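Residues per chain are reported as follows:
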Amino acid sequence: MALFLWLGSQLSSLWSNISVLGVFLTVFTLLLDFMKRRKKWSHYPPGPVSLPFIGTMLSVDFHNPAHSFKQLQKKFGNIYNLQNCWTNVVVLNGYKAVKEALVHKSEDFADRPYLPIYEHLGYGKKSEGIVLARYGHGWKELRKFTLSTLRNFGMGKKSLEERVVEEAGFLCSTFKSKEGHSFNVHAPVNNAVCNVICTIVFGERFDYNDETFHKLLSFFENFLKEETGFLPQLLNVVPVLVRIPGLAQKIFQSQKAFMDFIDVLIDKHRETWNPAYTRDLTDAFLKEMEKGKEAEENGFHYNNLRLVAADLFGAGSETTTTTLRWALLYMLLHPEIQSKVQAEIDKVIGRERPPTMKDQVSMPYTNAVIHEVQRYGDIIPVGLPHMTYRDTELQGFFIPKGTTIITNLSSVLKDETVWEKPNEFYPEHFLDVNGQFVKPDAFLPFSAGRRVCLGEQLARMELFLFFTTLLQKFTFVLPEDQPRPREDGHFALTNSPHPYLLQAVPR
Ligand code: HEM
């Protein structure tokens, strides 16, 4: 009995000790969390109340961040702060704030935050590719190399232009094979756009019916879905979670499969490599790698080759495909605009000769329509995350080094202080009173400054050549049995149209 009493008293004292310890730990953790979230700076941008541990993450719908950012802009103004757990985030809204940061203070805002969710793909301190690379020597070297290689392969010159025109021909044949029946343009347009990147990176294109090609494209589509929503955001700011063995591979299966695919293509390529003859970007990269230690230190090693190839696929395919899908959707919704574009094509190019980039200057209306598709389609609404490279100041606010910056491009492309009809499809935004093409400064779908889209020239060439070739050969109509397509988009890093069907009637 005495033993039981003694045990009981020991247990109760242990329990009260545990309780005290628990209370102490809770208070300590809350205090630590409070200290980490406390802003010690004066003139820091305002923002919503930050909750323990999760900060302001509940203030943002990560499936539609542009909408949340717009609501927060109404409350806190053009520059406000958010807190993803303990990561400081500042969101920039409207043309003035975004331009001042990206253009006038370009270097201050040129860094990228480190994103641990990509570690399982081989991304790390010495292998960053271009898109996610921290601002510095390695990024500069790879960006310079990629830009000059693209240029040498004809970016802005005739040979790449010819390849795009040829690909537009294949795309037209696929549309023609539908014989006027309703179909979804997503897959064929994606095939055509991916083939342009494939030609640049691996020197070859795929047949649209190729099984391997279909697999690659479906991995990539899921790749984007996997990095959308609350969970990836959480894993990026609490990296210890993403480093739990096997977890990233499980959550990001398609990303891994996509990367494995890139590895197979590079390995196949290496087998047939001849240093005397550069076929494509992979060959040019392999040649740099041969230059030895210095080249390796500049970032020319195998892992970066995989990441640069993946970057070009990632950044260059979905973006252009989505823009073209919006373009055809707007033609269905605005047949009178489609007719005006076709009239200009008939006048300047005719029905037979393929379009060339030289035609662009003589086609202000078509050019205005393509620009308006990019503005209104708003395909990368919240840009890619930047990070401050040093302490800086913006419109009277202090922003410390290492702050994650969101450049809300949607708020620029639809800035009510700049555009006459921000929420309508209105090609006249890009025409002067004489019907000549003009480009307002707030046209920033490719962003601006040091991290401006590296593929802008290529993308603009693809948009012009694919769009004019398609409208030269077909009139796009809404099938009678189909509802009017939705004009609002679906967000998964890009803002893309909901699936729709059309009929391509040969002209
Ligand atoms: C309509 C098509 C496209 C749009 C709207 C677009 C838009 C963008 C945007 C908004 C960024 C982020 C810039 C920033 O961080 O401020 C970006 C970055 C980038 N884009 Fe594009 N892009 C398009 C096509 C392409 C193509 C075809 C390529 C490839 C050849 C490409 C390669 C890149 C790369 C490599 C970056 C990262 C640049 C860096 O961090 O230095 N893009 N793009």
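- As recorded in an unreviewed UniProt entry, the protein chain goes by the name Cytochrome P450 2D17, listed as coming from Pipra filicauda.
- Listed in UniProt under the heading Cofactor (unreviewed entry), the comment for the protein chain reads: "heme".
- According to UniProt, the comment filed for the protein chain under the heading Subcellular location (unreviewed entry) is "Membrane".

**Observations regarding the layout of surface pockets**
Stage number 1. Approximately 900 Å³ is the volume attributed to the second largest pocket.
Stage number 2. In this structure, the second largest pocket is lined by 34 residues; those nearest its centre are Ala66, Lys70, Asp378, Ser410 and Lys414.
Stage number 3. Going through the elements one at a time, helix 2 (65–76), helix 3 (94–104), helix 15 (318–333), helix 17 (364–377), helix 18 (409–413) and strand 8 (489–492) are the ones with two or more residues in the lining of the second largest pocket.

**A short note on the UniProt feature "binding site: heme" (unreviewed entry) in the protein chain**
Stage number 1. When the UniProt feature table is mapped to this numbering, "binding site: heme" (unreviewed entry) covers Cys453.
Stage number 2. Considering the arrangement of structural elements, one finds Cys453 in the loop between helix 18 and helix 19 (456–473).
Stage number 3. What makes Cys453 partly exposed here is its relative accessible area of 31%.
Stage number 4. Sequence-distant contacts of Cys453, defined by excluding residues within four places in its chain, comprise Arg143 and Phe446.

**With respect to the pairing of strand 2 (residues 87–93)**
Stage number 1. Here strand 2 lies mainly inside the structure; 6 of its 7 residues are buried.
Stage number 2. Pairing of strand 1 (residues 79–84) with strand 2, which is carried by 6 bridges, proceeds in the antiparallel orientation. Note on strand 2: the bridge partner recorded for Leu82 is Val89.
Stage number 3. Sheet topology note: the strand 2/strand 6 (residues 404–408) ladder contains 5 bridges and is parallel. Each residue of the ladder has a partner; that of Val91, found in strand 6, is Ile406.

**Some details on the pairing of strand 6**
Stage number 1. Judged by how many residues are buried, strand 6 sits mostly within the fold: 5 of 5 residues are covered.
Stage number 2. Neither face of strand 6 is left uncovered, since the one carrying Thr404, Ile406 and Asn408 and the one carrying Ile405 and Thr407 both have all their residues buried.
Stage number 3. Sheet topology places strand 3 (residues 386–387) next to strand 6; 2 bridges connect them, and they run antiparallel. Directly across from His386, in strand 6, lies its bridge partner Ile405.

**Let's talk about the pattern of salt bridges**
When the charged atoms of two side chains lie near each other, side chains of opposite charge can form a pair.
Stage number 1. The tally for this structure, following the rule as stated, stands at 19 salt bridges.
Stage number 2. For Arg353, the salt bridge is made with Asp359, and the minimal N-O distance between the two is 3.0 Å.
Stage number 3. Overall, Arg353 belongs to the partly exposed group, its relative accessible area being 35%.
Stage number 4. Lys414 is the partner of Asp378 in a salt bridge, and the nearest nitrogen-oxygen pair spans 3.8 Å. Of this pair, Asp378 sits in the loop between helix 17 and strand 3 while Lys414 is found in the loop between helix 18 and helix 19, placing the two residues 36 residues apart along the sequence.
Stage number 5. Among the residues examined, Asp378 registers a relative accessible area of 5% and is labelled buried.
Stage number 6. Residue classification places Lys414 among the partly exposed residues on the basis of a relative accessible area of 22%.
Stage number 7. Linked through salt bridges whose partners overlap, the residues forming this network are Glu107, Asp108, Arg390 and Arg450.

**A word on the sheet that holds strand 2**
Stage number 1. If you walk across this open sheet you meet the 4 strands as 1-2-6-3, and the pairing is mixed. Two strands close off the open sheet at either side, each with one partner strand: strand 1 and strand 3.
Stage number 2. Running over the sheet, helix 2 touches strand 1, strand 2 and strand 6 and is turned about 125 degrees from strand 1.

**Considerations on the site of the ligand**
Stage number 1. Residues in contact with the ligand amount to 25 residues; listed here are only the nearest, Arg112, Arg143, His386, Ser447 and Cys453.
Stage number 2. Ser447 places a polar side-chain atom, nitrogen or oxygen, 2.5 Å from an oxygen atom of the ligand.
Stage number 3. Residue assignment for the shell around the ligand shows that the elements contributing at least two residues are helix 4 (137–152), helix 14 (302–316), helix 15 and helix 19.
Stage number 4. For the shell around the ligand, the element with the highest residue contribution is helix 15, accounting for 3 residues.
Stage number 5. When the residues that make up the shell around the ligand are grouped by side-chain class, the tally is 14 nonpolar, 8 polar and 3 charged.

**Remarks on empty space enclosed by the protein**
Stage number 1. Counted according to the given criterion, the structure contains 1 cavity of 30 Å³ or more.
Stage number 2. Its volume calculated, the largest cavity comes out at about 50 Å³.
Stage number 3. Lining the largest cavity are Arg163, Glu166, Glu167, Asn195, Val196, Thr199 and Arg205.
Stage number 4. Of all elements in the fold, only helix 5 (158–177) and helix 6 (186–202) reach the threshold of two or more residues within the lining of the largest cavity.

Thresholds applied
Residues numbered from 1 in each chain as written. Predicted model: local features only at pLDDT ≥ 70, side-chain atom pairs only at ≥ 80, totals over all residues. Heavy atoms only, no water. UniProt positions renumbered as here; feature names shortened; annotations may be inferred. 1 Å grid on protein atoms, 1.4 Å probe; cavity = no way out; pocket = protein on both sides within 12 Å on 5 of 7 lines; lining within 4 Å. Points joined across faces, edges and corners; volume = space filled by probe spheres on them. Helix = DSSP H or I, 4+ residues; strand = E, 2+ residues; numbered from the N terminus. Buried < 20%, exposed > 50% of the residue type's maximum accessible area, 1.4 Å probe, protein only. Contact = heavy atoms within 4.5 Å. Pairing = 2+ DSSP bridges. Salt bridge = Lys/Arg side-chain N within 4 Å of Asp/Glu carboxyl O. Axes fitted to C-alpha atoms, helices over the stretch in contact; angles between N-to-C directions. Near = heavy atom within 4 Å. Polar contact = N/O pair within 3.5 Å; in protein donor to acceptor, adjacent residues only side chain to side chain. Nonpolar A, V, L, I, M, F, W, Y, C, P; charged D, E, K, R; others polar.

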